[in-house]
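Listed here are the chains, written in short residue letters.
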Protein chains: 2
Amino acid sequence: MSGWLCIAGLGPGDTDLVTPEVTRALGSATDVVGYIPYVARITPRQDLTLHPSDNRVEMDRARAALAMAADGCRVVVVSSGDPGVFAMASAVFEALEAMPAWQGLDIRVLPGITAMLAAAARAGAPLGHDFCAINLSDNLKPASLIEARVRAAAEADFAMAFYNPRSNSRPDTFGRILALLLQICGPRRLITFARAVSTPAEQIRTVALAEATPEMADMRTVVLVGNAATRRVGRFVYTPRSAG
Amino acid sequence: MSGWLCIAGLGPGDTDLVTPEVTRALGSATDVVGYIPYVARITPRQDLTLHPSDNRVEMDRARAALAMAADGCRVVVVSSGDPGVFAMASAVFEALEAMPAWQGLDIRVLPGITAMLAAAARAGAPLGHDFCAINLSDNLKPASLIEARVRAAAEADFAMAFYNPRSNSRPDTFGRILALLLQICGPRRLITFARAVSTPAEQIRTVALAEATPEMADMRTVVLVGNAATRRVGRFVYTPRSAG
């Protein structure tokens, strides 16, 4: 039995941002497992089976991938961005915890360019000082915890990156977060909406908090909030290296 | 004049973690600028001039790179990891702010695999939920601000990544941070010391906070601290996707 499992990050969209490590793992895989739009990014081959699955079935997908690796398959679980940032790596380890028999499997996590860093690079360097990454989805945690973390980060003057800022199932959360930020950070704080970075649909827009509205974000958007020193230079926005 | 400037991330060390985008920029560059050990990672070519410089001269280096691009050179400023995370992108934008004449230059930031995400991938998925990145160097900010941010992050139960945890010039800072974490997070919280990730000198070690000592980190180490739910599974450490 020579099966293995790689949990790999495909980066934000452009194949030029996929690491050679991930490309090589895909090249020797027998099976690719993941959310439908991420599996759609893999070039089909005759000796490669694609297993696309729907959103919100992460645990089923993780168990199926581990079972295939235990059967001798060479399996790549694909995530967009980095697999360790609000993505499949934690789901696979949760599944592994429940199945001690699989804990001897050859499992590796292959990092990728995560959305917030691709977005920051396009905008300039808004995360150039201490920053937080916060998932605004309340599928897996209470909205009160999300608000408490945003408050703590804003009060300590971290720059921030928000993943999954907005969905149709919870249209109000992001509006409340914007109101909270406005209260703590003031109307002139810079906020960047980065949609579909590195794809043909890319849109980058930086505004002052006073002008920000919930409609500026959707589920393909990463939102970056500067710290108190973040400013514009030419067409860029950046956070200086010194603070305090 | 067809000069340009790319501020590029080389990833943590392994060439397999350099994106094709960065490799291509280096391939068409006339000049590479950066800190000595990062420039040493570039393959020399007859039509490429390497400009290695010492640590702590970031602003001189940024101005020199902009001046060369303004003169028509094709310049890549290289950082380890990602250029937007405690690295050269902010320094270049600081230099640009002081020189409006250069603000029309063709400038791009090319993201890279940052140390904390490469380290997290090796360890499992310790940053699998909301997390903060904090630079523990007090070269550019007061120690009191560092401690206030670590305290805020720990109290809000973020996972954390510390860059530049320890140097000879300030051997006590990291010991104070460990003591603060022990007080807020308790002795059983998991902490990972990841040294020289993806290089032949790589060392990954996860211990409980009660066992952590300042000597476990040096300037080549990234330190990852789990949140209250972070746990071990087999040889890995991971943070579940749900919390609260």
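Residues numbered from 1 in each chain as written. Chains lettered and ligands numbered in written order. Predicted model: local features only at pLDDT ≥ 70, side-chain atom pairs only at ≥ 80, totals over all residues. Heavy atoms only, no water.

Section: the sheet that holds strand 6 (residues 124–125) of chain B
Two modes of strand pairing occur in sheets, parallel and antiparallel, and in both the strands are linked by backbone hydrogen bonds. Residues and elements named next belong to chain B. Put simply, the rule reads: In this description, strands pair whenever DSSP reports at least two bridges between them. Secondary structure follows DSSP: runs of H or I at least 4 residues long count as helices, runs of E at least 2 residues long count as strands, and numbering of each begins at the N terminus.
Strand order across the open sheet formed by three strands is 6-13-12, with mixed pairing between neighbours. On the outer flanks of this sheet lie strand 6 and strand 12 (231–233), each paired with one strand and no other. Here strand 12 runs beside strand 13 (residues 236–238); their pairing, made up of three bridges, is antiparallel. Looking at strand 13, one finds that V233 is bridged to F236.

A short note on the relation of the copies chain A and chain B
What counts here: Least-squares superposition aligns the copies on the C-alpha atoms of those residues with pLDDT at or above 70 in both. Any two residues whose heavy atoms approach within 4.5 Å at even a single point are treated as in contact.
Overlaying chain A with chain B gives an RMSD of 0.0 Å, the required rotation being 180 degrees about an axis along which the chain moves by 0.0 Å. In short, the pair behaves as if placed about a two-fold rotation axis. Among all residues of chain A, the one whose C-alpha sits closest to the rotation axis is C132(A), at a distance of 2.0 Å. Most of the interface of chain A is mirrored in chain B, where 100% of its interface residues again form contacts.

Thoughts on the sheet that holds strand 2 (residues 31–35) of chain A
All names here are of chain A. Condition: Axes here refer to lines fitted to C-alpha atoms; in helices the fit is confined to the stretch in contact. Angles between the N-to-C directions go from 0 to 180 degrees.
The strand order 3-2-4-1-5 describes an open sheet built from five strands, whose pairing is parallel. The open sheet terminates on both sides in strands that have one partner only, identified here as strand 3 (49–53) and strand 5 (106–110). For this sheet the average axis-to-axis angle between neighbouring strands, irrespective of direction, equals 15 degrees. Where strand 1 (residues 4–9) and strand 5 come together, five bridges link them in parallel fashion. If you follow C6 over to strand 5, its bridge partner there is R108. The strands that helix 3 (residues 58–70) touches are strand 1, strand 2, strand 3, strand 4 (74–79) and strand 5; relative to strand 2, the one it contacts most, it runs at about 175 degrees.

Topic: the interface of chain A and chain B
Applicable threshold: A simple way to read buried area is as the amount of 1.4 Å-probe accessible surface that goes missing from two parts once joined, with both sides added. For salt bridges, the criterion is a side-chain nitrogen of Lys or Arg within 4 Å of an Asp or Glu carboxyl oxygen. What qualifies as a polar contact is a pair of N or O atoms within 3.5 Å, subject to a donor-acceptor requirement within protein and to the restriction that residues adjacent in sequence count only when both atoms come from side chains. Residue type decides the class: Asp, Glu, Lys and Arg count as charged, Ala, Val, Leu, Ile, Met, Phe, Trp, Tyr, Cys and Pro as nonpolar, and the leftover types, Gly among them, as polar.
Every contact between the two is made by 69 residues of chain A and, on the other side, 69 residues of chain B. Both sides of the chain A and chain B interface together cover about 5,800 Å² of buried area, and 58% of this is carbon and sulfur. Together, D16(A), R149(A) and R241(A) form the three largest contributors to the area buried by chain A at its contact with chain B, with a combined 13%. Viewed at the interface, chain B and chain A are joined by 14 salt bridges. The interface formed by chain A and chain B contains 30 residue pairs in polar contact (both at pLDDT 80 or more). The element best represented in the side of chain A that touches chain B is helix 4 (residues 88–97) of chain A, accounting for seven residues. Split into classes, the residues belonging to the side of chain A that touches chain B amount to 38 nonpolar, 15 polar and 16 charged.

Description of the pattern of salt bridges
We count it as follows: For every residue, the accessible area (1.4 Å probe, protein chains only) is compared with the maximum for its type, and the residue is labelled buried under 20%, exposed over 50%, or partly exposed between those bounds.
In the structure shown here, the tally under the stated rule is 28 salt bridges over all chains. For D157(A), the salt bridge is made with R149(B), and the minimal N-O distance between the two is 3.8 Å. Note that D157(A) is positioned in the loop between helix 6 (143–155) and strand 8 (159–163) and R149(B) in helix 6 (residues 143–155), a pairing that runs across two chains. Note on R149(B): relative accessible area 1%, which makes it buried. Linking E97(B) and R231(A) is a salt bridge whose minimum nitrogen-to-oxygen distance equals 2.8 Å. Note that E97(B) is positioned in helix 4 (residues 88–97) and R231(A) in strand 12 (residues 231–233), a pairing that runs across two chains.

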